[in-house]
Amino acid sequence: MKCRFCGKKAYIKLHHPKMYLCREHFMEYFERKVKRTIEKYRLLGKGERILVAVSGGKDSAVVSYVLKKLGYDIECLHINLGIGEYSAKSEEYTKKQSEMINSKLHIVRIKELLGAGIGELKTSRPTCSYCGITKRYIFNKFAHDNSFDVIVTGHNLDDEASFIFSNIMNWNTQYLAKQGPLLPGEGKFVKKVKPLYEVTEREVVAYALAVGIDYMLEECPYSRGATTLSYKEILNQMEEKRPGTKMNFVKGYLRKRYLFEQEVEKRELKECEVCGMPSSGEICSFCRVWRLKKPVELEVKEVKR
Ligand code: Q46
Ligand code: ZN
Ligand code: ZN
């Protein structure tokens, strides 16, 4: 099959819209789609300081690569979770990826910062639960303490569609009120955006291969990927029968999101007694989980030359 635009040998067959594209035209198509998402949802403002959350995986590697290519000045943050070989490897990948695009990489190592890695802490909470709390807190506090205006994550269309799908299946209406390509900042919460919101996982993989990005394939040993994967599989089967299903589902959700807003309990946020960050209780869940007596220090002290 041949590229729809130049007649060269096709690199990929896209299903929605249906077309064959060569490598160059696919790259152009992908980058334009990301650019349009940024413009349509007004994800990134002029002069904003951008922090990209990077894991070593394909999505965060691709989003940082494309942002750089579109001319954005970005810095990256990787959290080394202290999960043995898996975390050591993830860190190596993020280093290679930031070298490739020549962007500044910050690394926060949980073990050095908090004295234990994820999986080593004695707590009644499931590992992924306190890991999530830890990652969300550190990305936000790092961005806040170092005056970033926005945190970019690599979530793609498949992630969003399966997240919405699973939360509908379980009627977690609280979670359904506040999803989308842009989560506005408020007080000490830094704005979060998802420039890959309208590209599929398959397109992200194809783009990473097309530009030669090396990324981590291994899953975290604690991953309970099975449930998310089965939602993704169901959506993929539906997509195969009716191309565009995922996009329609997510866009429909964005139109109807307001229906879930009344489900959100409006709770006044206080300041955590330990770290001063927003919290619903006296002490925030991060400081509680890690039993902190003083706030973690995440401000980057630049070495003066
Ligand atoms: S939450 Fe759980 Fe992930 Fe943390 S412990 Fe691993 S699988 S990394 S997305
Ligand atoms: Zn072409
Ligand atoms: Zn706290």
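Computed from a predicted structure; not experimentally measured.

Quick notes on the rules
Sequence order as written defines the numbering, with residues in each chain counted from 1. Ligands are numbered from 1 and chains lettered from A, in the order in which they are written. Reporting of local features is limited, given that this is a predicted model, to residues whose pLDDT is at least 70; pairs of side-chain atoms are given and counted only at 80 or more, and all residues count toward the totals for whole chains, interfaces and linings. Hydrogens and waters are ignored; side-chain quantities use all the structure's heavy atoms. Salt bridges are counted wherever a side-chain nitrogen of Lys or Arg sits within 4 Å of a carboxyl oxygen of Asp or Glu. Secondary structure elements are defined from DSSP: runs of H or I of at least 4 residues count as helices, runs of E of at least 2 residues count as strands, and each element is numbered from the N terminus. Type-normalised accessible area, obtained with a 1.4 Å probe on protein chains alone, sets the label of each residue: buried when under 20%, exposed when over 50%, and partly exposed for intermediate values. For Na, K and Ca the donor cut-off is 3.2 Å; for every other metal, N, O and S atoms count as donors within 2.8 Å. Water does not enter the count, which can leave sites looking incomplete. Residues are counted as near a molecule or strand when any one of their heavy atoms sits within 4 Å of it. Side-chain classes follow a simple rule in which Ala, Val, Leu, Ile, Met, Phe, Trp, Tyr, Cys and Pro form the nonpolar group, Asp, Glu, Lys and Arg form the charged group, and the remainder, Gly included, forms the polar group. For each structure, a 1 Å grid was placed over the protein atoms alone; sets of points admitting a 1.4 Å probe that cannot get out are labelled cavities, open sets with protein on both sides within 12 Å along at least five of seven lines are labelled pockets, and lining residues have an atom within 4 Å of a point. Grid points are joined across faces, edges and corners, and a volume is the space filled by probe spheres set on the points. UniProt positions are given in the numbering used here, feature names are shortened, and annotations may be inferred rather than shown by experiment. Strands are labelled as partners when DSSP assigns at least two bridges between them.

A. Structural context of the pattern of salt bridges. Inspection of every chain in the model, using the stated rule, returns 25 salt bridges. The partner of Arg-32 in a salt bridge is Glu-28, and the shortest N-O contact between them spans 3.7 Å. Placement of the pair is Arg-32 and Glu-28 together in helix 1 (residues 23-40), with a separation of four residues, close to one helical turn. A relative accessible area of 42% places Arg-32 in the partly exposed class. For Glu-28, a relative accessible area of 41% corresponds to the partly exposed category. A salt bridge links Asp-145 to Lys-141, with the shortest nitrogen-to-oxygen separation between them at 2.7 Å. Of this pair, Asp-145 and Lys-141 both sit in helix 5 (residues 127-145), four residues apart, roughly one helical turn. Relative accessible area serves as the criterion here: at 23%, Asp-145 is assigned to the partly exposed category.

B. Structural detail: the coordination of the zinc ion (ligand 2). Summarising the metal site, the zinc ion (ligand 2) is bound by the protein donors Cys-3 (SG), Cys-6 (SG), Cys-22 (SG) and His-25 (ND1), whose distances to it range over 2.1 to 2.3 Å. Counting the intervening residues between successive donors of the zinc ion (ligand 2) yields the motif C-x2-C-x15-C-x2-H. In this pair, Cys-6 sits in the segment before strand 1 (12-15) while Cys-22 sits in the loop between strand 2 (18-21) and helix 1, placing the two residues 16 residues apart along the sequence. Residue Cys-6 is classed as partly exposed on the basis of its relative accessible area, which comes to 37%.

C. Structural view of the site of ligand 1. Lining the immediate environment of ligand 1, one finds Leu-81, Cys-128, Cys-131, Lys-135, Cys-220, Tyr-222 and Ser-223. A per-class count over the shell around ligand 1 returns five nonpolar, one polar and one charged.

D. Seen up close, the layout of surface pockets. Taken as a whole, the second largest pocket encloses approximately 600 Å³ of empty space. Along the walls of the second largest pocket sit 26 residues, with His-15, His-16, Thr-200, Glu-203 and Glu-239 positioned nearest its centre. Secondary-structure elements contributing two or more residues to the lining of the second largest pocket are strand 1, helix 1, helix 6 (157-169), helix 8 (201-211), helix 9 (225-241) and helix 10 (245-256). In terms of residue count, the dominant contributor to the lining of the second largest pocket is helix 9 (six residues). Across the lining of the second largest pocket, the residue classes break down as seven nonpolar, six polar and 13 charged.

E. Representation of the UniProt feature "domain: 2-thiouridine synthetase TtuA-like N-terminal LIM" (unreviewed entry) in the protein. UniProt's entry tags residues 2-26 with the feature "domain: 2-thiouridine synthetase TtuA-like N-terminal LIM" (unreviewed entry), counted in the numbering of this structure. A distance of 12 Å separates the end C-alpha atoms of residues 2-26, which is 16% helix and 32% strand.

F. Local environment of the pairing of strand 2. Residues of strand 2 alternate between two faces, with Met-19 and Leu-21 buried on one and Lys-18 and Tyr-20 left unburied on the opposite face. Relative to strand 2, strand 1 runs antiparallel, the two being bridged by four bridges. Paired with Ile-12 across the two strands is Leu-21, which belongs to strand 2. Joining the antiparallel neighbours strand 1 and strand 2 is a turn of two residues.

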